[in-house]
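Survey of secondary and tertiary structure
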Amino acid sequence: MKNFLFISIEESFFIIFIAILVFGPKKIPEIARGLGEGIRYLKNAKTKIKNEIIQHNIDQSIKKKEIFDHEKKKGKKNITPYSIKRNN
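These notes cover the structure that comes with them. (Residues numbered from 1 in each chain as written. Predicted model: local features only at pLDDT ≥ 70, side-chain atom pairs only at ≥ 80, totals over all residues. Heavy atoms only, no water.)

For the rest of this paragraph, the subject is the overall build of the protein. Of the regular secondary structure elements, the protein holds two helices and zero strands. With 88 residues in all, the protein has 2% of them scored as buried. When the accessible surface of the protein is split by element, carbon and sulfur atoms take 63% of a total near 9,200 Å². (Helix = DSSP H or I, 4+ residues; strand = E, 2+ residues; numbered from the N terminus. Buried < 20%, exposed > 50% of the residue type's maximum accessible area, 1.4 Å probe, protein only. Areas by Shrake-Rupley, 256 points an atom, 1.4 Å probe, with all protein chains shown as cover.)

Under the criterion given, the structure shown has one salt bridge. Two residues, Glu-30 and Lys-27, come together in a salt bridge whose shortest N-O distance is 3.5 Å. (Salt bridge = Lys/Arg side-chain N within 4 Å of Asp/Glu carboxyl O.)

Here the focus is helix H1 (residues 9-23). If you check H1, its first and last C-alpha atoms are 21 Å apart, about what 15 residues at 1.5 Å a residue would give, namely 21 Å. Phi for Gly-24, located one or two positions after H1, is positive at around 90°. (Expected span 1.5 Å × (residues − 1).)

What follows deals with a nonpolar patch on the surface. A contiguous nonpolar patch, built from Phe-14, Ile-15, Phe-17, Ile-18, Leu-21, Val-22, Phe-23, Ile-31 and Leu-35 and spanning about 920 Å² of accessible area, is present on the exposed surface. Elements with a contribution of two residues or more to the nonpolar patch: H1 and helix H2 (28-74). The greatest single-element share of the nonpolar patch, amounting to seven residues, is contributed by H1. (Patch = residues over 30% accessible without salt bridge, like charges linked within 9 Å, V, L, I, M, F, W, Y side chains within 5 Å.)

Spelled out as structure tokens, the structure:
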């Protein structure tokens, strides 16, 4: 059996007992609810940031493809940006 965070069952009960002594049995559900809301908020924020990054990458790839297609129609050479032209 795996121990959660390397804590045995006896140690877990001891931590819960100390929490009940410190906060009282009526306050613990409120604390747990607040922690749950905080974790949910962080997960939602992480998902939003991840979606924004993915959308930005998709937008950039579409933009690059449009520029490439536009230059191809004009007949220009496909020169990479930041290239150095050397005269021989």
